[in-house]
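Each chain, letter by letter, is given below.
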Amino acid sequence: MTERGRRVATSPARHGAAPGREIVIGDVAPAARRRFGATWWSRAWLDALQQQALIDPNRLPRGRTYARSGAVRDAVVTAGAAAARVRGSRPTPYEVEVRVATFDDAEWGRVLDVIGGRLAHAAALLDGELPPSIVDDVAAAGLSLLPGPRELTVSCNCPDRAVPCKHAAALCYVLADLLDTDPFALLLLRGRPRTAVLGALRDRRGSTTPAPAPSLVDTVAAAEAYGRVPAPLPTPLRPPAEPGAPVPLPAIDGVDLDALAALAAQAARRAHDLLS
């Protein structure tokens, strides 16, 4: 819960998640100049945090300071949750957890259909990118891949009643840092680890009817193929009698159209000479 329930933080990430089903961030090293939100999708994550903190916005700068100072320890991300210990004013670190609303099986089926429906989507994720087209296509399927402020639930056992407190905000900033480099962390927060997502995408590709294997009857011995006389090549087309003229362009601020047309005409003449 984000109100009374935030007094006690449970940490399923420390209960021993199965291999491949968690992302271990560990202890975050101090970095005074660390920039949070380098990608558009991690900035969207921070926007959700800022929307949640409208009542107590002063906790966010302090959370950034905590994240940059190395106060976040033992950070782990599992399906639907992230947990960490955050050092504050007392000797014992505070227990912090951030939960994200997860998709159910039917919703995940729609997400996987979207990602698997375009090869470029899966390729972008594997390349560490989350293009807006994936988010837009998932939205067209009726789901929001990026969590909104109402889908974030923070908890901390510190005495601060703000939502989020500076310790929870520090973990959220560390998660933004992770999302910058690994968009699969977002999918894990939505409930599915990288291995499960890639496995489901492979299953979807494998369910399509494979092309028939070539028949041995159609094969040709290498010696026979080498001894064949190839058919003559077609007669190449003759170039036009004159080089083409540049296409007129509309006026463009800061562009000398006459000089551009002269360059295009020169290139056309040189290409015509080479063809001739």
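Look up a bit, the structure's there.
Described below are features of the structure shown in this document.

About the cut-offs
- Residues numbered from 1 in each chain as written.
- Predicted model: local features only at pLDDT ≥ 70, side-chain atom pairs only at ≥ 80, totals over all residues.
- Heavy atoms only, no water.
- Axes fitted to C-alpha atoms, helices over the stretch in contact; angles between N-to-C directions.
- Helix = DSSP H or I, 4+ residues; strand = E, 2+ residues; numbered from the N terminus.
- Parallel < 35°, antiparallel > 145°, perpendicular 65-115°, else oblique.
- Left-handed = near helix turned anticlockwise from the far one by under 90°.
- Contact = heavy atoms within 4.5 Å.
- Nonpolar A, V, L, I, M, F, W, Y, C, P; charged D, E, K, R; others polar.
- Buried < 20%, exposed > 50% of the residue type's maximum accessible area, 1.4 Å probe, protein only.
- Pairing = 2+ DSSP bridges.
- Salt bridge = Lys/Arg side-chain N within 4 Å of Asp/Glu carboxyl O.
- Core = buried A, V, L, I, M, F, W, Y, C linked by side-chain atoms within 4.5 Å.

**Focus on the packing of helix α2 (residues 59-68) against helix α6 (residues 166-181)**
Running from N to C, α2 and α6 cross one another at 60 degrees; their axes reach a closest spacing of 7 Å. As summarised for this structure, α2 and α6 are arranged oblique, according to the angle between their axes. Handedness of the α2/α6 crossing: right-handed. When α2 is examined against α6, the residues R59, L60, R62, G63, R64, Y66 and A67 are found in contact with a partner set consisting of K166, H167, A169, A170, Y173 and V174. The residue makeup of the contact of α2 with α6, split by class, is seven nonpolar, two polar and four charged.

**Observations regarding the pairing of strand β3 (residues 81-86)**
Counting buried residues in β3 gives five out of six residues, a clear majority hidden from the surface. Sheet topology places strand β2 (residues 72-78) next to β3; five bridges connect them, and they run antiparallel. Opposite V76, over in β3, you have A83 as the bridge partner. The antiparallel pairing of β2 with β3 creates a hairpin that spans two residues between the two strands, and G80 there sits at a positive phi of about 80 degrees.

**Topic: the sheet that holds strand β4 (residues 94-100)**
Pairing is antiparallel in the open sheet, where five strands are placed in the order β1-β2-β3-β4-β5. For this open sheet the edge positions go to β1 (22-26) and β5 (152-156), each flanked by a neighbour on one side alone. The mean angle between the axes of side-by-side strands here comes to 10 degrees, regardless of whether they run parallel or antiparallel. Across the sheet, α6 touches β1, β2, β3, β4 and β5, and the angle it forms with β4 is around 55 degrees.

**Remarks on the environment of A139**
As for its placement among the helices and strands, A139 is situated in helix α5 (residues 132-140). Put simply, A139 and V114 are 25 residues apart on the chain and 9.8 Å apart in space, counted from C-alpha to C-alpha.

**Re the pattern of salt bridges**
For side chains bearing opposite charge, pairing can occur when the charged atoms are close. Throughout the structure, instances matching the rule amount to nine salt bridges. The residue D74 makes a salt bridge to R85 at a minimum N-O spacing of 2.9 Å. With a gap of 11 residues between them, D74 in strand β2 and R85 in strand β3 connect regions that are remote in the sequence. Classification of D74 as partly exposed rests on a relative accessible area of 33%. Taken together, the salt bridges that share partners define one network made up of D74, R85 and E95.

**Comments concerning the nonpolar core**
Ranked by internal contacts, the top residues of the largest apolar core, which has 65 residues, are W45, V72, V77, L130, L145, L171 and Y173. Here this core takes 11 residues from α6, the largest share from any one element. L145 has contacts with F103, L130, I134, V135, V138, L186, L187 and R190, leaving out every residue within four places of it along the chain.

**A look at the pairing of β2**
With five of seven residues buried, β2 lies mostly within the body of the structure. The sheet contact formed by β1 and β2 spans four bridges and is antiparallel. Along β2, the bridge assignment pairs V24 with V76.

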